[in-house]
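Close look at the chain arrangement
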Amino acid sequence: RKEVEQDPGPFNVPEGATVAFNCTYSNSASQSFFWYRQDCRKEPKLLMSVYSSGNEDGRFTAQLNRASQYISLLIRDSKLSDSATYLCVVGGDYKLSFGAGTTVTVRA
Amino acid sequence: SAVISQKPSRDICQRGTSLTIQCQVDSQVTMMFWYRQQPGQSLTLIATANQGSEATYESGFVIDKFPISRPNLTFSTLTVSNMSPEDSSIYLCSVWGEKLFFGSGTQLSVL
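Right, let's walk through the structure included here. (Residues numbered from 1 in each chain as written. Chains lettered and ligands numbered in written order. Predicted model: local features only at pLDDT ≥ 70, side-chain atom pairs only at ≥ 80, totals over all residues. Heavy atoms only, no water.)

With respect to the helices and strands, the residue A:S72 is situated in strand β8 (residues 70-75). Setting aside chain neighbours within four positions, we find A:S72 in contact with A:F21, A:N22, A:W35, A:T61, A:A62 and A:Q63. (Helix = DSSP H or I, 4+ residues; strand = E, 2+ residues; numbered from the N terminus. Contact = heavy atoms within 4.5 Å.)

Take a look at the structure:
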């Protein structure tokens, strides 16, 4: 079983729509949770950390469910510029495991 | 946040040759990491580059194939040795500062 699993998508949504997807992880001792964004052939860039109580950053909301060992990302009011691959990253301190990514395509 | 300069940004190499990738950070960092991302795959950690000691390699990666240097706290190199087409990938250096920051990556194609 992979340490971090994501639905690869793609999620094709119209502008203005809400899109949400999850990521499951296998190591119950994981302490650090992140969502990274990766554009085609570019390096991953941190989108947001995920905290136990859940957190929001503008149109992006992240949730952590430790009991079921998954994290989620919700994007409201999707923009064309949100089209990217979203990587789920889980681990402890600097020892991180990456999901293969969920591709989101926002269409006009 | 850390600013990481990585070069080359891309290269096309012949089978059997070697390529050295450089990574320069704008501040001193204890640990630097080298990742590989094969097409359509997630990032896989190759090794952790420690200053003053040998790099720590993950399962499936060996020093003879991926020698790493870490001469000081701001610089590291990764060499991909005796390349084959299976080594075609994006190679990323990164540093940890409460979060993971990445260099811009090296896109390697081996013919």
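What follows continues from the structure just given.
Right, let's talk about the state of the cysteines for a bit. In total, this model carries 2 disulfides over all chains according to the counting rule given. Each sulfur of the disulfide joining A:C23 and A:C88 lies 1.9 Å from the other. What sets the handedness of the A:C23 and A:C88 disulfide is the S-S torsion sign, and at about -65° it is left-handed. Remark: A:C88 occurs in strand β9 (residues 84-92) and A:C23 occurs in strand β3 (residues 19-25); sequence separation between them is 65 residues. In this structure A:C23 comes out as buried when scored by relative accessible area, which is 0%. Residue A:C88 is classed as buried on the basis of its relative accessible area of 0%. Shown here is the disulfide that connects B:C23 with B:C93, its sulfur atoms set 1.9 Å apart. In this structure the cystine formed by B:C23 and B:C93 twists about its S-S bond by roughly 65°; its chirality is therefore right-handed. Here the residue B:C23 occupies a position in strand β3 (residues 19-25), and B:C93 occupies one in strand β9 (residues 89-96), the gap between them amounting to 70 residues. Each of the two residues, B:C23 as well as B:C93, counts as buried. Residue A:C40 stays outside any disulfide, its sulfur separated by 20 Å from that of B:C93, the closest cysteine. (Disulfide = S-S within 2.5 Å. Buried < 20%, exposed > 50% of the residue type's maximum accessible area, 1.4 Å probe, protein only.)

This next bit is on unusual backbone geometry. Omega for the peptide link from A:G9 to A:P10 comes to 5°, which places this bond in the cis form. Within the secondary structure, A:P10 is located in the loop between β1 (4-6) and β2 (11-14). In this model, B:K7 is joined to B:P8 through a cis peptide bond whose omega is 0°. Positive phi values are uncommon outside glycine, yet A:Q69 reaches one of about 55°. Within the secondary structure, A:Q69 sits in the loop between β7 (60-65) and β8. Judged by relative accessible area, A:Q69 falls into the buried class, the value being 19%.

Let us now look at the side chain of B:Q107. With respect to the helices, strands and loops of the structure, B:Q107 is situated in strand β11 (residues 106-110). On the accessibility criterion, B:Q107 (14% relative accessible area) is buried.

In this complex, chain B contributes 18 residues to the contact, which on the side of chain A involves 16 residues. Across the interface of chain B and chain A, roughly 1500 Å² is buried in total on both sides, 62% from carbon and sulfur atoms. One can count 1 salt bridge joining chain B with chain A. B:E58 is the partner of A:K95 in a salt bridge, and the nearest nitrogen-oxygen pair spans 2.8 Å. For the pair chain B and chain A, the number of links is 3 residue pairs in polar contact (both at pLDDT 80 or more). The set of elements that each furnish at least two residues to the side of chain B that touches chain A consists of β4 (31-37), β5 (43-50), β9 and β10 (100-102) of chain B. (Buried area = accessible area lost by both parts, 1.4 Å probe. Salt bridge = Lys/Arg side-chain N within 4 Å of Asp/Glu carboxyl O. Polar contact = N/O pair within 3.5 Å; in protein donor to acceptor, adjacent residues only side chain to side chain.)

Honestly, that's just the spatial picture; any functional story needs more than this.
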